[in-house]
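The residues making up each chain are set out below.
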Amino acid sequence: MKKSIRIIFVLVFIVILSNCNEAKKELQILTNIEDARKFVSESFNEKEETLLISDKLNDGLGLNMAIIGDGILKKGYMPDGFIQKEGYRIYKYKKE
């Protein structure tokens, strides 16, 4: 019985930690290209990912997103839409 309780405790602890990491990752609004590229290279590991990009990076020609998107495509992700918020966009990606 004690072993079962320990296993349950460990599983709950792991779920809580992984949820905390996801929440932290999703709240990070990226404001420059280098931070965005680093975030993609270090953090994009799941089947679905989210990227918060400041409106400052969304230039009229889309050059900044092309640079950031290059790393995203290299990791095997495809765009899955975006949501416009005040001051930033939430870009969604899925791994094919």
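Please read all numbers here as calculations on a predicted model, not as lab measurements. (Residues numbered from 1 in each chain as written. Predicted model: local features only at pLDDT ≥ 70, side-chain atom pairs only at ≥ 80, totals over all residues. Heavy atoms only, no water.)

Undergrad: Would you mind showing me how to read the overall build of the protein chain here?
TA: A tally of regular secondary structure across the protein chain gives three helices and four strands. In the protein chain, the order of α-helices and β-strands from amino to carboxyl end is α-β-α-β-α-β-β. In the protein chain, which comprises 96 residues, the share counted as buried stands at 25%. In the protein chain, once contacts between residues fewer than 6 apart in sequence are set aside, the share between residues at least 24 apart is 56%. When the accessible area of the protein chain is evaluated, it comes to approximately 7,100 Å², of which 59% is carbon and sulfur surface. (Helix = DSSP H or I, 4+ residues; strand = E, 2+ residues; numbered from the N terminus. Buried < 20%, exposed > 50% of the residue type's maximum accessible area, 1.4 Å probe, protein only. Contact = heavy atoms within 4.5 Å. Areas by Shrake-Rupley, 256 points an atom, 1.4 Å probe, with all protein chains shown as cover.)

Undergrad: Just checking my understanding: could you explain the packing of aromatic side chains for this structure?
TA: In this description, an aromatic ring pair is defined by two values, namely the gap between the centres and the angle between the planes. On inspection of all chains with the given rule, the structure shows four aromatic pairs. Here F44 and Y77 contribute two aromatic rings whose centre-to-centre distance is 5.1 Å and whose plane-to-plane angle is 75°, an arrangement assigned as edge-to-face. Here Y77 lies in strand β3 (residues 77-85) and F44 lies in the loop between α2 (33-43) and β2 (48-54), a separation of 33 residues in the sequence. Y77 matches F44 in its accessibility class, with the two residues each being buried. Ring centres of F82 and Y91 lie 5.7 Å apart, and the angle between their planes is 40°; on these two criteria the pair is classed as tilted. (Phe/Tyr/Trp six-rings, centres within 6.5 Å; stacked < 30°, edge-to-face > 60°.)

Undergrad: Help me understand α2, please; the structure alone is not making it clear to me.
TA: The periodicity of an α-helix, 3.6 residues per turn, causes residues three or four positions apart to be oriented the same way. Those residues of α2 that sit buried are A36, F39, V40 and S43. Angularly, the buried residues of α2 cover 100° about the axis, an arc narrow enough to put them on a single face. In α2, the exposed positions that point more than 90 degrees away from the buried face belong to E34 and E42. Capping the start of α2, N32 holds a side-chain oxygen 3.3 Å from the backbone nitrogen of E34, two or three residues further along. (Arc of directions from axis to C-beta. Polar contact = N/O pair within 3.5 Å; in protein donor to acceptor, adjacent residues only side chain to side chain.)

Undergrad: What exactly am I supposed to notice about helix α3 (residues 63-74) here?
TA: Counted at 1.5 Å a residue, the expected span for α3 with its twelve residues is 16 Å, and the 17 Å between its end C-alpha atoms agrees. Turning to α3, its buried residues number three or more, namely N64, M65, I68, G69 and I72. Across the axial projection of α3, the buried residues extend over an arc of 115°, all falling on one side. Along α3, the residues that are exposed and aim more than 90 degrees away from the buried face are L73 and K74. Residues of α3 that are buried sit in contact with α2, β2, β3 and β4 (88-95). Among the residues trailing α3, G76 stands out with phi positive, at a value near 90°. (Expected span 1.5 Å × (residues − 1).)

Undergrad: Just to check I follow, could you spell out the pairing of β2 for this structure?
TA: Regular strands have side chains that alternate between both faces of the sheet. Burial within β2 is extensive, with six of its seven residues counted as buried. As judged from the two bridges shared by strand β1 (residues 29-30) and β2, these two strands associate in the parallel manner. Residue L30 lies in a different strand from β2, and its bridge partner there is I53. After leaving β1, the chain enters α2 and then returns to the sheet as β2, a path that is right-handed. Note: β2 against β4, seven bridges, orientation antiparallel. (Pairing = 2+ DSSP bridges. Right-handed = clockwise from strand over helix to strand, strands pointing away.)

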